[in-house]
Amino acid sequence: MKTRLITIKKDLYNVFVMGNAEDRQLARIYILLAVPLFALLFSFGHFPVYR
């Protein structure tokens, strides 16, 4: 568990601070940020009603 947190911390640093992230790091961070965002959107948002 500790190694996974260290990996995520390094990925966040490479993506947002250094800007030289690999494709796998970008994918991990995208999933890490997208899943909670979509969960909140689908639970509290609403779809437009077409009349």
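These notes cover the structure that comes with them. (Residues numbered from 1 in each chain as written. Predicted model: local features only at pLDDT ≥ 70, side-chain atom pairs only at ≥ 80, totals over all residues. Heavy atoms only, no water.)

1. Examining helix α1 (residues 2–18)
Residues that lie three or four places apart on an α-helix share one face, since the helix turns once every 3.6 residues.
Line of reasoning, step 1. Its 17 residues give α1 an end-to-end C-alpha distance of 23 Å, which sits within 8% of 24 Å, the value for a rise of 1.5 Å per residue.
Line of reasoning, step 2. Considered for burial, the residues of α1 that qualify are Asp11, Asn14 and Val15. Summarising the axial view, the buried residues of α1 lie within an arc of 90 degrees, below the 170-degree limit, and thus occupy one face. Away from its buried face, by an angle of more than 90 degrees, α1 presents the exposed residues Lys2, Leu5, Lys9, Phe16 and Val17. (Helix = DSSP H or I, 4+ residues; strand = E, 2+ residues; numbered from the N terminus. Expected span 1.5 Å × (residues − 1). Buried < 20%, exposed > 50% of the residue type's maximum accessible area, 1.4 Å probe, protein only. Arc of directions from axis to C-beta.)

2. Examining a nonpolar patch on the surface
Line of reasoning, step 1. There is a patch of nonpolar side chains on the surface, built from Leu12, Tyr13, Phe16, Val17, Met18, Leu32 and Leu33 and spanning about 680 Å² of accessible area.
Line of reasoning, step 2. With five residues, α1 is the single largest residue contributor to the nonpolar patch.
Line of reasoning, step 3. Tracing the backbone shows Phe16 in helix α1.
Line of reasoning, step 4. According to the relative accessible area criterion, Phe16 is exposed, its value standing at 55%. (Patch = residues over 30% accessible without salt bridge, like charges linked within 9 Å, V, L, I, M, F, W, Y side chains within 5 Å. Areas by Shrake-Rupley, 256 points an atom, 1.4 Å probe, with all protein chains shown as cover. Salt bridge = Lys/Arg side-chain N within 4 Å of Asp/Glu carboxyl O.)

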